[in-house]
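# Commentary on secondary and tertiary structure
The residues making up each chain are set out below.
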Amino acid sequence: MDTKVISTGIRYSNLPESYVRPESERPRLSEVSTCENVPVIDLGCQDRTQIVRQICDACKDYGFFQVINHGVSREVTEQMLQVAFDFFRLPVEEKLKLYSDDPSKTMRLSTSFNVNKEKVHNWRDYLRLHCYPLDKYLPEWPSNPPSFKGIVRNYCIQVRQLGYRVEEFIAESLGLEKDYITKVLGEQGQHMAVNYYPPCPEPELTYGLPGHTDPNALTILLQDLQVPGLQVLKDAKWVAVNPHPNAFVINIGDQLQALSNGRYKSVWHRAVVNAYKPRMSVASFLVPSDDAVISPPKALTGYDGSGALYKDFTYPEYYAKFWSRNLDQEHCLELFKN
Ligand code: OGA
Ligand code: NI
């Protein structure tokens, strides 16, 4: 291919060879059914105990759930999706100024997942940003479209508050103090992936993102309402999680799986692509502060700590391992097992 990214505005008539999965790894889209009972949790509910109970069930049975009345304003989410589309509609030369395949960069446009490690590419371009502290990172964000920085800034502030609230509910649902998780994780980092999946000539042969778990603590995903694409592994079957109006999809990441001593699972999920329409999703990731030690509380491991499933580690140690592998290998947490 001539360009590094696939969001060129030109429709491909065939899927380039480097994106074609071997037969055994293909998504088998006709076998995927829609998950009709994805938990939808109303965070506006006055009864905190009820929310905590619903979160507990959702985390145990699914590892993911959707939230409504979450406090992020509709205007802000609509503007976020709009500016994301506007960004990916920019001329390709303009976008390529931001291109990098170095995962250590704090702002970059990239494609697929880890182009230098993977054997088969994925039908995705993405803009990756660090978002906290805002004053530090905002200056390096794209200045085209001109409204990008202002809109994304507002979005990040509101999503962060939502994430911290959800972590408090999760702590309570594990029988811990409300601020247990937010204290252990310290002043959390916040990253964003703006994922753009252009129309794909042969969606049966490839992925937007292959099955993976998220390496961070908590993921808050805004899905394009028009085009479904997120699928989650539930009871050993892939199921589609279709966008719910005004909802975010929340999933537990590897750090909360470790911190909960495996009580809650970092769920396997993937993104499939669509033949006719482009799809957008905006993933916000909360990540532990660099010096936080990821170690489960005694209440969940037995008092001598002998029941700890994983070795203690820090996020920088974990993240280095995560990017040194390919996405569809074994669960990265396996490398930290006791
Ligand atoms: C991710 C992710 C899913 C989607 O960015 O980690 O899983 O629907 N995205 O785009
Ligand atoms: Ni993910």
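Please refer to the structure higher up on the page.
The structure contained in this document is the topic of the report that follows. From a predicted model like this one, the values you see are computed outputs, not experimental measurements.

### Let's talk about the overall build of the protein chain
Assigned secondary structure in the protein chain consists of nine helices and 15 strands. Taken against the 2.2 N^0.38 rule, which gives 20 Å for 338 residues, the C-alpha radius of gyration of the protein chain at 19 Å falls within 12% of a compact globule. Seen through its C-alpha atoms, the protein chain measures out along the principal axes to roughly 60 × 45 × 35 Å. Sequence separation of 24 or more characterises 78% of the internal contacts of the protein chain that already satisfy a separation of 6 or more.

### Some thoughts on the packing of helix α1 (residues 48-61) against helix α5 (residues 148-173)
Between α1 and α5, the shortest axis-to-axis distance is 9 Å and the interhelical angle comes to 80°. Regarding the angle of α1 to α5, the classification is roughly perpendicular. Residues Ile 51, Val 52, Ile 55, Cys 56 and Cys 59 of α1 lie in contact with α5, whose contacting residues are Phe 169, Ile 170, Glu 172 and Ser 173. Of the residues in the contact of α1 with α5, the class split is seven nonpolar, one polar and one charged.

### Overview of the sheet that holds strand β7 (residues 209-212)
Read from one edge to the other, the open sheet built from five strands follows the order β1-β10-β9-β12-β7, with strand pairing classed as mixed. What marks the edges here is a single partner per strand, and that holds for β1 (33-34) and β7. Pairing of β1 with strand β10 (residues 237-240), which is carried by two bridges, proceeds in the parallel orientation. Looking across to β10, one finds that Ser 33 is bridged to Val 239.

### Details of the sheet that holds strand β13 (residues 279-287)
The strand order across the open sheet built from eight strands is β2-β3-β11-β8-β13-β6-β5-β4, with neighbouring strands paired in mixed fashion. Taken across any chain shown, the strands that pair with only one partner, and hence form the sheet edges, are β2 (40-42) and β4 (107-111). Each adjacent strand pair in this sheet contributes to an overall mean axis angle of 25°, direction not counted. Pairing analysis gives five bridges linking β4 to strand β5 (residues 125-130), with the strands arranged antiparallel. Of the residues in β5, the one forming a bridge with Arg 108 is Arg 128. Relative to β2, α1 is tilted by about 160°, and along the sheet it contacts β2, β3 (64-68) and β11 (248-252).

### Some thoughts on unusual backbone geometry
Of the consecutive residues Tyr 132 and Pro 133, the connecting peptide bond is found in the cis state with omega at -5°. With respect to the element layout, Pro 133 can be found in the loop between β5 and α4 (134-137). With an omega of 0°, the peptide bond between Asn 144 and Pro 145 qualifies as cis. Looking at where Pro 145 falls in the secondary structure, it is placed in the loop between α4 and α5. Here the phi dihedral of Arg 28 falls at roughly 45°; this positive angle occurs in a residue that is not glycine. One non-glycine residue with positive phi stands out, namely Asp 235, at about 50°. Relative to the helices and strands, Asp 235 resides in the loop between β9 (230-234) and β10.

Reading guide: rules and limits
Residue positions are given per chain, counted from 1 along the sequence in the order it is written. For this description, chains carry letters from A and ligands carry numbers from 1, given in the order in which they are written. Two thresholds apply to this predicted model, a pLDDT of at least 70 for residue-level local features and 80 or more for giving and counting side-chain atom pairs, whereas whole-chain, interface and lining totals are computed over all residues. Put simply, DSSP marks the helices as runs of H or I at least four residues long and the strands as runs of E at least two long, and each gets a number from the N terminus on. Two things to know: the radius of gyration comes from C-alpha atoms, and the globule rule equals 2.2 Å times the number of residues to the power 0.38. Residue pairs qualify as contacts under a 7 Å threshold applied to their C-beta atoms, which are placed from the backbone. Angles shown run from 0 to 180 degrees and are taken between the N-to-C directions of axes, each axis being a line fitted to C-alpha atoms and, for helices, limited to the stretch in contact. An angle counts as roughly parallel when it lies under 35 degrees, as roughly antiparallel when it exceeds 145, as roughly perpendicular when it falls between 65 and 115, and as oblique in every other case. In this classification, Asp, Glu, Lys and Arg are treated as charged, Ala, Val, Leu, Ile, Met, Phe, Trp, Tyr, Cys and Pro as nonpolar, and every other residue, Gly included, as polar. Each pair of strands is called paired provided DSSP finds at least two bridges between the two strands.

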